[in-house]
Amino acid sequence: MDLKELKAFVRPPPVVQLVMNAVLVVFGEEPNWKNAQHLLGSPTLLQTLEGLDINTLKASTMKKLTVYVKNKELSVEAVDKASKAAACLWTWVLSVYNTYMEIATTIWANQRSVLSSDATTIKKRRKKLIKKRPKAKAEVQREAEKEKLEEGLDRNALMELKAFVRPPSYVL
């Protein structure tokens, strides 16, 4: 990949500019040609591209990148006609995007599955408890009411109320 070709552009073709903008978005940089030239001039660019940790990318970054990925002007073939180096970078951007989305989709599916099974398990346990002990429903309601009452009272008020419940020491 000849990155010098890309850096030499004073006014890059529109597809090359879009590709470089997408690369800059991945790295969290402002997408403009000045920043692109700076990135292209980095002696460690190839290592930076290879070493990108997809797990560090934010959802907001991927949302911005989606604009470029969904752009019909940015096919690999169209970019390749403008610049072979830009086509390589575009392929890298697509790979990053697709890998991230694949991982995210798997995680989201697993989270939904866990949340769904947790909710189902809780409902089943409550139903079993109520069936096993007819008084359980009433107990659960009393506990919930007690918690609501205690939440509404500050600690001093609660201590004061408890003091009224205890008989005076001389009565015992």
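Rules and cut-offs
Residues numbered from 1 in each chain as written. Predicted model: local features only at pLDDT ≥ 70, side-chain atom pairs only at ≥ 80, totals over all residues. Heavy atoms only, no water. Helix = DSSP H or I, 4+ residues; strand = E, 2+ residues; numbered from the N terminus. Buried < 20%, exposed > 50% of the residue type's maximum accessible area, 1.4 Å probe, protein only. Contact = heavy atoms within 4.5 Å. Areas by Shrake-Rupley, 256 points an atom, 1.4 Å probe, with all protein chains shown as cover. pLDDT = per-residue confidence, 0-100. Phe/Tyr/Trp six-rings, centres within 6.5 Å; stacked < 30°, edge-to-face > 60°. Core = buried A, V, L, I, M, F, W, Y, C linked by side-chain atoms within 4.5 Å. Salt bridge = Lys/Arg side-chain N within 4 Å of Asp/Glu carboxyl O. Expected span 1.5 Å × (residues − 1). Axes fitted to C-alpha atoms, helices over the stretch in contact; angles between N-to-C directions. Parallel < 35°, antiparallel > 145°, perpendicular 65-115°, else oblique. Nonpolar A, V, L, I, M, F, W, Y, C, P; charged D, E, K, R; others polar.

**A word on the overall build of the protein**
Okay, step 1: Across its full length, the protein carries nine helices and zero strands.
Okay, step 2: From first element to last, N terminus to C terminus, the protein shows the α and β order α-α-α-α-α-α-α-α-α.
Okay, step 3: In the protein, which comprises 172 residues, the share counted as buried stands at 25%.
Okay, step 4: Taking contacts inside the protein between residues at least 6 apart in sequence as the whole, the part at least 24 apart equals 65%.
Okay, step 5: When the accessible surface of the protein is split by element, carbon and sulfur atoms take 56% of a total near 12,900 Å².

**Section: the confidence of the model for the protein**
Okay, step 1: This prediction gives the protein a mean pLDDT of 79; 64% of its residues lie at or above 70.
Okay, step 2: Within the protein, the lowest mean pLDDT, 55, falls on helix H9 (residues 155-165), and the highest, 96, falls on helix H2 (residues 14-26).

**Re the packing of aromatic side chains**
Okay, step 1: A full pass over the atoms with the stated rule returns one aromatic pair.
Okay, step 2: With 5.7 Å between their ring centres and 20° between their planes, Phe 27 and Trp 92 make a pair best called stacked. Of this pair, Phe 27 sits in the loop between H2 and helix H3 (33-40) while Trp 92 sits in helix H7 (residues 84-132); the two residues are 65 residues apart in sequence, bridging distant segments of the chain.
Okay, step 3: Judged by relative accessible area, Phe 27 falls into the partly exposed class, the value being 22%.

**Section: the nonpolar core**
Okay, step 1: Ranked by size, the top nonpolar core spans 37 residues in total, and within it Leu 6, Leu 65, Leu 89 and Trp 90 carry the most contacts.
Okay, step 2: Listing elements by their share of this core, those giving two or more residues are helix H1 (3-8), H2, H3, helix H4 (45-50), helix H5 (59-69) and H7.
Okay, step 3: Looking at which element gives the most residues to this core, the answer is H7, with 12 residues.
Okay, step 4: Dropping the residues within four chain positions of it, Trp 90 is found in contact with Val 19, Ala 22, Tyr 68, Val 69, Leu 74, Ser 75, Val 76 and Val 79.

**Observations concerning the pattern of salt bridges**
Okay, step 1: Going through the model one piece at a time under the given rule, you end up with one salt bridge.
Okay, step 2: Measuring nitrogen to oxygen at the nearest pair gives 3.2 Å for the salt bridge that ties Asp 80 to Lys 84.
Okay, step 3: Lys 84 sits in the exposed class, given a relative accessible area of 55%.

**Focus: H2**
Okay, step 1: If you check H2, its first and last C-alpha atoms are 19 Å apart, about what 13 residues at 1.5 Å a residue would give, namely 18 Å.
Okay, step 2: Judged by how many residues are buried, H2 sits mostly within the fold: 12 of 13 residues are covered.
Okay, step 3: Taken as a whole, H2 has its buried residues at Val 15, Val 16, Gln 17, Leu 18, Val 19, Met 20, Asn 21, Ala 22, Val 23, Leu 24, Val 25 and Val 26.
Okay, step 4: Just downstream of H2, Gly 28 is the residue with a positive phi angle, here 75°.

**Side note on the packing of H2 against H5**
Okay, step 1: Between H2 and H5, whose axes approach to 9 Å, the crossing angle comes to 170°. Considered as vectors, H2 and H5 are oriented roughly antiparallel to each other. Within the contact between the two elements, H2 uses Leu 18, Asn 21, Ala 22, Val 25 and Val 26 and H5 uses Thr 61, Lys 64, Leu 65 and Tyr 68.
Okay, step 2: Residue composition of the contact of H2 with H5, by class: six nonpolar, two polar and one charged.

**Points about the environment of Leu 24**
Okay, step 1: Counting through the fold element by element, Leu 24 comes out in helix H2.
Okay, step 2: Residues Leu 24 and Ala 36, 12 residues apart in the sequence, show an inter-C-alpha distance of 6.9 Å.
Okay, step 3: Excluding anything up to four places from it in sequence, Leu 24 contacts Glu 29, Glu 30, Pro 31, Asn 32, Asn 35, Ala 36 and Leu 39.

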